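Below are the chains, spelled out letter by letter.
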Amino acid sequence: MNPRMTGAAALLIWSGVVLAWVSLPGETGLHTDPIRVLVVGSYLAVAPGTALVVALALRDKLLAAVIAMGFSGALLVLLAQATLYLNIWSPRGAAVTLVGATCAMSLTALARGMTAPHRRPQHPGARP
Amino acid sequence: VVSRRRRTLVLAAAIVAHTAMLHGAAGAAESTARFPTAWLHAGFTNQIMVTGETLTNLDARFSWPGFFSGAAVFASAVGAEPAALLRWAPLMFALAYLPPLALLFRSFTGSWRVRWIGLWVFVSVNWIGQDYFAPQSFALLLHLIAVSVVCAVFLRRRRTDLSLGRFRLRDSMLRGLPVKVPAHHRAVLICIVTLIMATLAMSHQLTPFMLIAVLTMLAAVGALRPKLLPVIAIVLTFAWISYGAATYWAGHLDDMFGKAGQVDVVVGSGVEARMTGSDVHRTVLAVRMGFTAIVCLLAACGAILAWRRRAGGLYLGLMALAPFSMLAFQAYGGEGILRMFLFALAPIALLTARVIHDFARGRRRRMAVVLVVALLALPTFMVARYGNESFERVTKSEIETINALYTLAPPGSTLASVSPNLPWRLRGLSGYIYKPGNLDEFAFERLDVIIAMMSGNPNGAYLIVTKGQLVYAEQTYGLPPGWGNAMQKRLRESGRFAVVFATDDGVIYRLVPAPTQRARR
């Protein structure tokens, strides 16, 4: 597996964990599970954007990190706003949609990685 | 010789630790999340989370609900109440600003030393405190991301020869390290920047205009390749104002643009009008102004230095000045200048870093001077940032008192406050009548005004007095020390108020009928 496919596979596993957590019934409260906050919170903050940059195969790591943060934040807010203004408000539904979008982008990256001519050099000068 | 990778790791760890020390100090030291406004924002988020509705007639911020709705989805997904997110929000935002800043700085300089010093300066000078749980914190992050991506990918890498009448300004963008992306990626990146602009337009009133100012400035000097980017930002911003914020601007056009062209009024409300209150408060304000002035002066020197060397000084200088063009339009409740400095801080930090780097390069004595100044800057930052902590912190007792208020007061009753700075409205945002409705109408020590404000509600009226409110009035309105105790003594002696709940830091009074009314009954 090339790094792109590894990244996409890791994102899919992470998505599965987050989906299970988000789908769990339960009340929100002030005393929260710090591990859930860490795993789900960091997922919402960077995962959708990371899936996009993995699918795009952006080479510049810093640019990819910044795009990952920006796209994830924008997608979260735009999805929330869409459900709010279309009168179909469901925070959990929006989170699940976000996970779905991330999975779709990760699967695209994985499929591209599988069908890509990875036996050929990926960029000029790279060793085959 | 240290490898580039190891150097980056060590410096990144150092800057993260430095950020945690400066911006996470209050979160670690205090028992509850600081800053009463953050609690109000948690209340806004709670309102959307529970009802899926915005109360645009209640508060202007509901006309730009992007941050609140996004935070509601976030809180719901992590299984937390919005209030649980407040404590560490400042540190999270401060850390999140670092990657876009690193990308922005890389676009303007090839020197890794200048870039890392720039990050250190940004973290150490950002005393503004606009990184709490608030739309502007999130909007600043999106602004930095949009500007950094634009500067990394869409700036023209060439020498500039700009003629302004008889003056010719020559500069170059060739010193930075651009990101080379293929054409199809550029198209995707334009779409992503557009998405970020749309998110900004629906999340905060002021930030989209800051982004428009920066992009327009870059396009005007011919540095921006897709010149349509500022046009897209303008269209998206005004589209949201016309649709999502129509309820607000229909009745507040004067608030939005009433001070257009009155630069002196805007500066006055941002500087002179704020220099009030106790001696301690004015000292803190003086430290803030002095600190800011020194940094701006260093940045100006850095701009001249970089411009003379054809190293992007012109662009960075213009980017630092662009937010201040808002002076001509908005006072933003007296906070406009603070916000403008905040949005100018990224280029200011890089220009300051250039001066520091060039001053100390290869000279040990000068390095020692820089080290001493840097060490002195840290306590100065602490005073500037946390100087108002006596009233900006929120105690457990205060939160306990506010929770008791919502338990005791039946829906529909009047909830009154003697001075601002109260971490309430976390719940019951629309179920109660809050008094006063305006910052200018706080009664402070005038008993008759308090009674008049609370009278006439058959559901009852409750007055809440907390330590934070009393200290705030002392510090910022210059009321004498002990005014709160004297006022509360008069409250109790008037026979119109009964204490229904009390903790160390707060008391709740219920308004009772006047003795004559009681006798008649």
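Notes on the structure in this doc start here.

What counts, and where the lines are drawn
- Residues numbered from 1 in each chain as written.
- Chains lettered and ligands numbered in written order.
- Predicted model: local features only at pLDDT ≥ 70, side-chain atom pairs only at ≥ 80, totals over all residues.
- Heavy atoms only, no water.
- Phe/Tyr/Trp six-rings, centres within 6.5 Å; stacked < 30°, edge-to-face > 60°.
- Helix = DSSP H or I, 4+ residues; strand = E, 2+ residues; numbered from the N terminus.
- Buried < 20%, exposed > 50% of the residue type's maximum accessible area, 1.4 Å probe, protein only.
- Lys NZ or Arg CZ within 6 Å of the ring centre and 35° of its normal.
- Patch = residues over 30% accessible without salt bridge, like charges linked within 9 Å, V, L, I, M, F, W, Y side chains within 5 Å.
- Areas by Shrake-Rupley, 256 points an atom, 1.4 Å probe, with all protein chains shown as cover.
- Salt bridge = Lys/Arg side-chain N within 4 Å of Asp/Glu carboxyl O.
- Lys, Arg positive; Asp, Glu negative; His and termini not counted.
- Charge placed at Lys NZ, Arg CZ, Asp CG, Glu CD.
- Contact = heavy atoms within 4.5 Å.
- Buried area = accessible area lost by both parts, 1.4 Å probe.
- Core = buried A, V, L, I, M, F, W, Y, C linked by side-chain atoms within 4.5 Å.

Here's the deal with the packing of aromatic side chains
All names here are of chain B.
Piece 1. Overall, the coordinates contain 20 aromatic pairs over all chains when judged by the stated rule.
Piece 2. The interplanar angle of 80° and the centroid separation of 5.0 Å between the aromatic rings of Phe 391 and Tyr 472 together place this pair among those described as edge-to-face. Placement of the pair is Phe 391 in helix α18 (residues 389-392) and Tyr 472 in helix α21 (residues 467-477), with a sequence separation of 81 residues.
Piece 3. By relative accessible area, Phe 391 is classed as buried at 4%.
Piece 4. A residue is classified by how much of its surface remains accessible, and Tyr 472, at 19% relative accessible area, is buried.
Piece 5. Considering the side-chain rings of Phe 497 and Tyr 509, the 6.3 Å spacing of their centres and the 85° angle between planes classify their relative orientation as edge-to-face. Of this pair, Phe 497 sits in strand β6 (residues 497-502) while Tyr 509 sits in strand β7 (residues 506-511), placing them 12 residues apart in sequence.
Piece 6. Through pairs of rings, three or more aromatic residues link up here, namely Phe 44, Phe 62, Phe 67, Phe 68, Phe 133 and Phe 138.
Piece 7. One residue, Arg 7, lies across the ring of Trp 112, its end atom 3.9 Å from the ring centre.
Piece 8. Cation over ring: Arg 425 sits above Tyr 434, and NZ or CZ is 4.3 Å from the ring centre.

Details of a positive patch on the surface
Piece 1. A contiguous patch of positive charge, built from Arg 156, Arg 158, Arg 225 and Lys 227 of chain B, is present on the exposed surface.
Piece 2. Its place among the elements puts Arg 158 of chain B in the loop between α8 (135-154) and β1 (159-164).

A closer look at the interface of chain B and chain A
Piece 1. Counting residues at the interface gives 49 residues for chain B, matched by 36 residues for chain A.
Piece 2. The contact between chain B and chain A buries some 3600 Å² in all, and 78% of this surface belongs to carbon and sulfur atoms.
Piece 3. Contact with chain A buries surface across chain B, with Val 73, Ala 77 and Val 78 of chain B losing the most and accounting together for 15% of the total.
Piece 4. Scanning the region where chain B abuts chain A turns up 1 salt bridge.

Brief notes about the nonpolar core
Piece 1. Leu 63 and Ile 67 of chain A together with Phe 108 and Leu 224 of chain B are the most contacted members of the largest nonpolar core, which totals 169 residues.
Piece 2. Considering every element that reaches this core, the biggest residue donor is α8 of chain B, with 15 residues.
Piece 3. Counting residues in hydrophobic clusters, the runner-up holds 23 residues, among them Ala 416, Leu 447, Leu 470 and Phe 497 of chain B.

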